[in-house]
Amino acid sequence: MACRMVWEAVLRAGLDLGVSQTRGFGTAGALCRRAAPLGPLPNEDIHYKDLESLEKYRSYRRYLKTAEEAEKKTVWWRTYRQYLKQEKGDNDLELVDIGLPHCRPSRIRQVKERKRLMKQNQSNSELEKTMRHQTFRIPLERVKAEWERTCGPYHLHRLANHYGVYRDLFPGAHFTPKVMLRIAYGEEASAQVHYGNHVSPAQAVAAPHVSFEAEEDSLWTLLLTSPDEHLLDSEGEYVHWLVGNIPGNAVESGEEVCHYFPPFPAKGTGFHRFVFLLFKQDAPVDFEHDCRPSPCHSLKQRTFKTIEFYRRHQDVITPAGLAFFQSQWDDSVTSTFHTLLNMKEPVFEFDWPPVYHPPQKKYPHGQPLRYLDRYRDGHKPTYGIY
């Protein structure tokens, strides 16, 4: 009876407004109807119940060729990259490559080399014996050397791009690090610098040992900078180490333009990036404009911009190597601020807003037995279940 009365009231309201019953239901149906696709949907011709009848690729090369042909076809829908490009507009400009010239080996040459090695290994009786007895071992140094020679620079390029190194140090530009840096702050494995690993400020108090492969008559420049550490300018950097005119790979024989200064990430600011950059010089460079006094314990004098440094010497230096680590506050940072910088240590803390308590009720319903603890004065409120 009650349902019938409600239904009659709804119909009377529709008649009073001049809207017929049929039109009302028709409008609701139109709003719920989905628009038909403008063309065939992806994989519409594939029968999921009969997957065995599909043509197999049988090789990665054939799959790659098919994928490239499918990418060139014109479709009626837009991809994620097209939507992203539309949002960015003209700001999505192509980055300029400022590094050493490089070229990837052709895929055909790589396949031929792999086949040649497989044929050579199959004819090796000693290798077959060690594999059968499960005693074959490959030295990790050999694997690392092969990785650095082939795909290592491209993997490092992707990592640096992921961490925003190119975006913050070289806006609008990038480079492929062809020269591998080996940096260690001590004998421990945890104190070695790789590509984004964590090194504490206490481990990085003294200058690290840096080595790389270079010709004897070549000249290099080594830079250590931090794009996250500046206390006053969010776009600024602090230079921690700058050595120029390095003969070969003898970093200790180079010209120390700015002496080493340990990392000092402020407390409460999280992880900071510290980037080592290696530049190859075409000729000796005059670093008179970049020279800092020794010792230099002034943050104002250590304010730095990598892009400005590169533009000033871009005719002579070329980015060639890259390595970086992350660091966060520890007890040694306090000593650095007080002893070396002779200043109070900045501490960043999140100012939590006061806890909101709804107005107190005289007879609260569904609340825990310790409900009154929220409104007591003189101690921190608790929120127990009893």
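Sequence positions are assigned chain by chain, starting from 1 and proceeding in written order. Confidence filtering applies because this is a predicted model: local features only for residues at pLDDT of at least 70, side-chain atom pairs given and counted only at 80 or more, and all residues used for totals across whole chains, interfaces and linings. Water and hydrogen atoms play no part in the side-chain values, which are based on all heavy atoms of the structure.

Draft legend 1. Quick peek at the overall build of the chain. Tallying secondary structure elements over the chain gives 11 helices and 12 strands in all. Type-normalised accessible area, obtained with a 1.4 Å probe on protein chains alone, sets the label of each residue: buried when under 20%, exposed when over 50%, and partly exposed for intermediate values. A burial count over the chain gives 30% of its 386 residues as buried. When the accessible area of the chain is evaluated, it comes to approximately 28100 Å², of which 55% is carbon and sulfur surface. Comment: elements are numbered from the N terminus, with helices defined as DSSP H or I runs of at least four residues and strands as E runs of at least two. Using a 1.4 Å probe, the Shrake-Rupley method yields the accessible areas, and only the shown protein chains count as cover for residues.

Draft legend 2. Up close: the nonpolar core. If you look at the biggest cluster of nonpolar residues, it comprises 28 residues, and the most contacted ones within it are Phe170, Leu277, Phe279 and Leu322. Mapped by element, the contributors of at least two residues to this core are α8 (152-162), α9 (165-169), β8 (237-247), β9 (255-258), β10 (272-281), α10 (306-313) and β12 (317-327). Here a residue-residue contact requires only that any non-hydrogen atoms of the pair lie within 4.5 Å. Ignoring anything within four residues of it in the chain, the contact list for phenylalanine 279 reads Phe170, Leu219, Trp220, Thr221, Leu223, Phe309, Tyr310, Ile317, Thr318, Pro319 and Ala320. Ranked by size, the runner-up nonpolar core spans 25 residues in total, among them Ala191, Leu222, Ile246 and Ala323. Nonpolar cores were defined as sets of buried Ala, Val, Leu, Ile, Met, Phe, Trp, Tyr and Cys residues, with membership established by side-chain atoms within 4.5 Å.

Draft legend 3. Representation of a positive patch on the surface. A cluster of like positive charges, contributed by Arg61, Lys65, Arg107, Arg114 and Lys115, occupies part of the molecular surface. Elements with a minimum of two residues in the positive patch: α3 (60-72) and α5 (107-122). If you tally residues by element for the positive patch, the top one is α5, at three residues. One can find arginine 61 in helix α3. On the basis of relative accessible area, arginine 61 is assigned to the exposed category, the value being 63%. Each patch is built from salt-bridge-free residues with over 30% relative accessible area, joining like charges within 9 Å and nonpolar side chains (Val, Leu, Ile, Met, Phe, Trp, Tyr) within 5 Å. Salt-bridge detection follows one rule: a side-chain nitrogen of Lys or Arg within 4 Å of a carboxyl oxygen of Asp or Glu. The charge count includes Lys and Arg as positive and Asp and Glu as negative, but it does not include His or the ends of the chains. In plain terms, the charge of a residue is placed at NZ if it is Lys, CZ if Arg, CG if Asp and CD if Glu.

Draft legend 4. Representation of the sheet that holds strand β3 (residues 182-184). Pairing between two strands is assigned when DSSP locates at least 2 bridges connecting them. Read from one edge to the other, the open sheet built from three strands follows the order β4-β3-β6, with strand pairing classed as antiparallel. Each of the sheet's edge strands pairs with one partner strand only, and the pair in question is β4 (192-193) and β6 (209-211). Both β3 and β6 contribute to a ladder of three bridges, which runs antiparallel. Residue pairing in the sheet places isoleucine 183 in a bridge with valine 210 of β6.

Draft legend 5. Region of interest: the pattern of salt bridges. Scanning the model with the defined rule gives eight salt bridges in all. Measuring nitrogen to oxygen at the nearest pair gives 2.4 Å for the salt bridge that ties arginine 312 to aspartate 290. With arginine 312 in helix α10 and aspartate 290 in the loop between β10 and β11 (303-304), this residue pair connects regions lying 22 residues apart in the sequence. A single network of salt bridges, built from pairs that share partners, joins Arg167, Asp168, Asp228 and Arg273.

Draft legend 6. Here's a closer look at the state of the cysteines. Note on disulfides: each one is a pair of cysteine sulfur atoms within 2.5 Å. For the coordinates displayed, the defined rule picks out zero disulfides. Cysteine cysteine 258 shares no disulfide, and the gap to the nearest cysteine sulfur, in cysteine 296, comes to 5.3 Å. When its relative accessible area of 1% is taken as the criterion, cysteine 258 is described as buried. Looking at the unpaired cysteine 291, the closest cysteine sulfur is the one in cysteine 258, lying at 8.3 Å. Residue classification places cysteine 291 among the partly exposed positions, given a relative accessible area of 47%.

Draft legend 7. Spatial organisation of the side chain of histidine 157. Following the sequence through the fold, histidine 157 ends up in helix α8. A relative accessible area of 19% places histidine 157 in the buried class. The contacts of histidine 157, once residues within four sequence positions are left out, are Tyr166, His174, Phe175, Thr176 and Pro177.

Draft legend 8. Representation of the packing of aromatic side chains within the structure. When two rings of Phe, Tyr or Trp (its six-membered ring) have centres within 6.5 Å they constitute a pair, described as stacked for plane angles under 30 degrees, edge-to-face for angles over 60, and tilted for the intermediate range. On inspection of all chains with the given rule, the structure shows 22 aromatic pairs. Plain terms: the ring middles of phenylalanine 261 and phenylalanine 264 are 5.7 Å apart, the flat faces sit at 85° to each other, and that makes the pair edge-to-face. Each member of the pair, phenylalanine 261 as well as phenylalanine 264, carries the same accessibility label: buried. Its end group placed over the ring of tryptophan 329, lysine 267 keeps NZ or CZ at 4.7 Å from the ring centre. Remark: a charge is flagged as sitting over a ring if the NZ atom of Lys or the CZ atom of Arg is within 6 Å of the ring centre and within 35 degrees of the ring normal.

Draft legend 9. Summary view of unusual backbone geometry. Following serine 294, the chain continues to proline 295 via a peptide bond in cis, the omega torsion being 0°. Summarising the element assignment, proline 295 is placed in the loop between β10 and β11. Positive phi, normally seen in glycine, also occurs at asparagine 245, with a value near 55°. With respect to the secondary-structure elements, asparagine 245 resides in strand β8. By relative accessible area, which is 17% here, asparagine 245 ends up buried.

Draft legend 10. Main features of helix α6 (residues 125-132). One side-chain oxygen at the N-terminal end of α6 lies 3.2 Å from the backbone nitrogen of glutamate 126; it belongs to asparagine 124. In the stretch just after α6, glutamine 134 is the one whose phi turns positive, near 55°. We define a polar contact as two N or O atoms separated by no more than 3.5 Å, with the added condition that, inside protein, one atom must be a possible hydrogen donor and the other a possible acceptor, whereas residues neighbouring each other in sequence contribute only through side-chain atom pairs.

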